[in-house]
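Examining the three-dimensional arrangement
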Amino acid sequence: MARTFWLIVGAAALLGGGAFVWLTAGPSVPERNLVGLSGDVNRGAYVARLSGCIACHTDPTSDGAVLAGGAGIDTEFGAFFAPNITPHPEDGIGAWTLADFSRSLTAGEAPDGSHLFPVFPYSFYTRLTDQDVVDLWAAVRSVPAVAGGPPEHRLRVPFSWARGVGLWKRLYFESGPLAPAEDRNESWIRGRYLAEAAAHCGACHTPRTLLGGPDPDRKFEGGTGPGSEKIPAITPEALARAGWTSDDLRYALRSGLTPTGDSLGGSMAEVIRDGTRYWSDADIAALVEYLMDPERPE
């Protein structure tokens, strides 16, 4: 009887351990086939402006070099610091391959296979096109290599345990492109791509669950940003209630000024300073068309 008991205990432990390993491994994400694609540095620099790379990976308050590491992002889970992504071989990503870069950007995995914390918005970047990934890689490789970087993340237990991110991915991460929308015009489709992929608007403007995942039932209803910053709702209804018109929103994304003449502050000021003010008129118009659409699917 004793032997049978311990066999049962051992089997249960193995099964439980196997389930734990499976859960924390995260979902399987297929490799992208980027062979044959050539990156365009100038277009990649524009994709970096679309995607917020400059704002997060550069620390202007410390006169930091472009992409050499960002200032701390204070969250309820602790402080995160965006890494050095210049081509420095030790302190940056100079030793990475295009495949490494693609996995990081679209699957949330470091070259050694470990999970990246989802403060890096790979759950949105997974929807980037292959060409945007390759162009962005070309641009990142073109900046000067810079030694050094920000400090290590300062996270509270158990959120400091990177393997636990695999479970977060099981719950909230879905890889792959946006679903087709053949019944929409090209501008609306481009706006959706900007909002839901490159510009990752929902990373800040959608409320989070207790585990830090976006609440799927409250998309764009407003969230909490760095340092408990209140991030407003940007649903069509909320924008209309606040008195925003399409013209107002286009002007604000270019200038940083509200319809009343006030300046947009906080993290949105950084988004405009390092991002949207460099966007083409067509891309700003496309994003606004998507955000203001009262029939936009959620």
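Located above this text is the structure these notes cover.
Residues numbered from 1 in each chain as written. Predicted model: local features only at pLDDT ≥ 70, side-chain atom pairs only at ≥ 80, totals over all residues. Heavy atoms only, no water.

1. Looking at the overall build of the protein chain
From N to C terminus, the protein chain includes 13 helices and 5 strands. For 298 residues, the compact-globule formula gives about 19 Å, and the C-alpha radius of gyration of the protein chain, at 21 Å, lands near that figure. Dimensions of the protein chain, computed from C-alpha atoms along their principal axes, come out at roughly 80 × 45 × 40 Å. A sequence separation of at least 24 residues applies to 67% of the contacts in the protein chain between residues at least 6 apart. (Helix = DSSP H or I, 4+ residues; strand = E, 2+ residues; numbered from the N terminus. Rg over C-alpha atoms; globule rule 2.2 N^0.38 Å. Contact = heavy atoms within 4.5 Å.)

2. Some remarks on the state of the cysteines
All chains considered together, the criterion is met by 0 disulfides. Its sulfur unpaired, Cys201 is 9.1 Å from the next cysteine sulfur, which belongs to Cys204. The thiol of Cys204 is not disulfide-bonded; the next cysteine sulfur, from Cys56, is found 8.1 Å away. (Disulfide = S-S within 2.5 Å.)

3. Considerations on a nonpolar patch on the surface
Side chains of Leu167, Leu171 and Leu211 sit close together on the surface and give an oily, nonpolar patch of about 270 Å² of accessible area. Tracing the chain through its elements places Leu167 in helix H7 (residues 165-172). For Leu167, a relative accessible area of 38% corresponds to the partly exposed category. (Patch = residues over 30% accessible without salt bridge, like charges linked within 9 Å, V, L, I, M, F, W, Y side chains within 5 Å. Areas by Shrake-Rupley, 256 points an atom, 1.4 Å probe, with all protein chains shown as cover. Salt bridge = Lys/Arg side-chain N within 4 Å of Asp/Glu carboxyl O. Buried < 20%, exposed > 50% of the residue type's maximum accessible area, 1.4 Å probe, protein only.)

4. A word on the layout of surface pockets
In this model, the second largest pocket occupies a volume close to 750 Å³. Taken together, 24 residues form the lining of the second largest pocket, with Phe124, Arg127, Glu174, Glu196 and Lys219 sitting closest to its centre. Broken down by secondary-structure element, the contributors of at least two residues to the lining of the second largest pocket are helix H5 (122-125), H7 and helix H8 (186-198). Considered class by class, the residues forming the lining of the second largest pocket number 12 nonpolar, 5 polar and 7 charged. (1 Å grid on protein atoms, 1.4 Å probe; cavity = no way out; pocket = protein on both sides within 12 Å on 5 of 7 lines; lining within 4 Å. Points joined across faces, edges and corners; volume = space filled by probe spheres on them. Nonpolar A, V, L, I, M, F, W, Y, C, P; charged D, E, K, R; others polar.)

5. Considerations on the nonpolar core
Judged by nonpolar contacts, the single largest core of 42 residues is most densely connected at Phe101, Leu136, Leu249, Leu287 and Leu291. Mapped by element, the contributors of at least two residues to this core are helix H2 (41-51), helix H3 (53-57), helix H4 (98-107), helix H6 (130-142), H8, helix H11 (246-255) and helix H13 (281-292). Core analysis: the next-biggest nonpolar cluster, separate from the first, contains 10 residues, Phe77, Ala107, Tyr122 and Phe173 among them. (Core = buried A, V, L, I, M, F, W, Y, C linked by side-chain atoms within 4.5 Å.)

6. Topic: the packing of aromatic side chains
Taken as a whole and judged by the stated rule, the model has 8 aromatic pairs. Centroid distance Phe101 to Trp137: 5.0 Å. Interplanar angle 40 degrees. Geometry classified as tilted. Separated by 36 residues along the polypeptide, Phe101 in helix H4 and Trp137 in helix H6 bring together distant segments of the chain. A ring pair is formed by Trp168 and Tyr172, whose centres lie 5.4 Å apart and whose planes are at 50 degrees; its orientation type is tilted. (Phe/Tyr/Trp six-rings, centres within 6.5 Å; stacked < 30°, edge-to-face > 60°.)

7. Looking at the environment of Trp279
Along the chain, Trp279 falls in the loop between helix H12 (266-274) and H13. Look at Trp279 and you get buried, because its relative accessible area is 5%. Residues Trp279 and Ala110, spaced 169 residues apart in sequence, show a C-alpha to C-alpha distance of 30 Å. Setting aside chain neighbours within four positions, we find Trp279 in contact with Tyr46, Arg49, Leu50, Leu194, Ala199, Arg254, Ile284 and Leu287.

8. Details of the side chain of His205
Inspection of the secondary structure assignment puts His205 in helix H9 (residues 202-205). Here Pro232 takes part through its backbone oxygen, which lies 2.8 Å from a polar atom of the side chain of His205. With near-sequence residues (within four places) excluded, His205 lies in contact with Phe220, Glu221, Gly222, Gly223, Ile231, Pro232 and Ile234. (Polar contact = N/O pair within 3.5 Å; in protein donor to acceptor, adjacent residues only side chain to side chain.)

9. Let's talk about the pairing of strand S1 (residues 72-75)
Judged from the 4 bridges that link them, S1 and strand S2 (residues 78-81) form a sheet pairing that is antiparallel. Paired with Thr75 across the two strands is Gly78, which belongs to S2. The turn joining S1 and S2, which pair antiparallel and follow one another in sequence, is formed by 2 residues. (Pairing = 2+ DSSP bridges.)

10. Some points on the sheet that holds S2
Read across the sheet, 3 strands follow the order S1-S2-S3 without closing on themselves; strand pairing throughout is antiparallel. This sheet does not close on itself; its edge strands, each paired only once, are S1 and strand S3 (154-155). Taken together, the 2 bridges between S2 and S3 define a ladder with antiparallel strand orientation. The partner of Gly78 across the bridge, within S3, is Leu155.

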